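Tertiary structure, described
Spelled out from the first residue to the last, the chains are:
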Amino acid sequence: MKYYKIGEVSEITELSRDTLRYYEKIGLIRHLEKDNSGRKKYSEKDIEWIEFLKRLKATKMSLKDIGRYAGLRYAGDRTSGERKKLLTKQLEKITKEIEKLLETKQILTGKIKVYNEKEKQTGKIV
């Protein structure tokens, strides 16, 4: 199994070392192994988990809920139902946000179309 140092993980995940350490401090990343020098080392699974944390953060899930999800994950399979509820709730939130954005896109597209028509009629940029 290949292991990575924090600097390498920082480059791979595009998260700063400080962010990775903060995630450890608040319990989002746990159970890292250590090398012979006592430095923490990250596995491929750790990196996959960090990438998933980034996905949750990108959905604007609160750090509190991400922390709850992480705690449930580390508690094991018996918490899968609770984790599913958290993800379902977040999916509902982002689905609503996507709908709002699509509506806004449609409005902006319509407005741009009006300006394009005015430019065609006048021959000038309005």
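Notes on the structure in this doc start here.

About the criteria used
Residues numbered from 1 in each chain as written. Predicted model: local features only at pLDDT ≥ 70, side-chain atom pairs only at ≥ 80, totals over all residues. Heavy atoms only, no water. Salt bridge = Lys/Arg side-chain N within 4 Å of Asp/Glu carboxyl O. Helix = DSSP H or I, 4+ residues; strand = E, 2+ residues; numbered from the N terminus. Pairing = 2+ DSSP bridges. Buried < 20%, exposed > 50% of the residue type's maximum accessible area, 1.4 Å probe, protein only. Phe/Tyr/Trp six-rings, centres within 6.5 Å; stacked < 30°, edge-to-face > 60°.

Further remarks concern the pattern of salt bridges. Between side chains of opposite charge, a pair can form when the charged atoms approach closely. A complete count under the given rule lists 6 salt bridges for this structure. The partner of glutamate 117 in a salt bridge is lysine 120, with the nearest N and O atoms 4.0 Å apart. Residue glutamate 117 and its partner lysine 120 are both found in helix α5 (residues 80-122); the two are separated by 3 residues, about one turn of the helix.

The next point concerns the sheet that holds strand β2 (residues 33-34). Judged by pairing direction, the sheet is antiparallel, and its 3 strands sit side by side in the order β1-β3-β2 without closing on themselves. In the strand order of this sheet, the two ends are held by β1 (3-4) and β2, each with one partner.

Next up on the list: unusual backbone geometry. A positive phi angle, close to 60 degrees, is found at glutamate 14, a residue other than glycine. For glutamate 14, the location among the structural elements is in the loop between α1 (6-13) and α2 (17-25). Exposure remark for glutamate 14: the relative accessible area of 69% places this residue in the exposed category. One non-glycine residue, histidine 31, lies in the positive phi region at around 60 degrees. Along the chain, histidine 31 turns up in the loop between α2 and β2.

Our next topic: the environment of glycine 7. Relative to the helices and strands, glycine 7 is located in helix α1. With 10 residues separating them along the chain, glycine 7 and arginine 17 place their C-alpha atoms 6.6 Å apart.

With that out of the way, let us pick up the packing of aromatic side chains. According to the stated counting rule, one finds 4 aromatic pairs in the structure shown. Summarising the aromatic geometry, the rings of tryptophan 49 and tyrosine 74 are spaced 6.1 Å apart at their centres and angled 75 degrees between planes, so their arrangement reads as edge-to-face. Within this pair, whereas tryptophan 49 is found in helix α3 (residues 44-58), its partner tyrosine 74 is found in helix α4 (residues 63-75), the two being separated by 25 residues in sequence. In this structure tryptophan 49 comes out as buried when scored by relative accessible area, which is 6%. Ring geometry for phenylalanine 52 and tyrosine 69: centres 5.7 Å apart, planes at 45 degrees, overall tilted.

Honestly, that's just the spatial picture; any functional story needs more than this.
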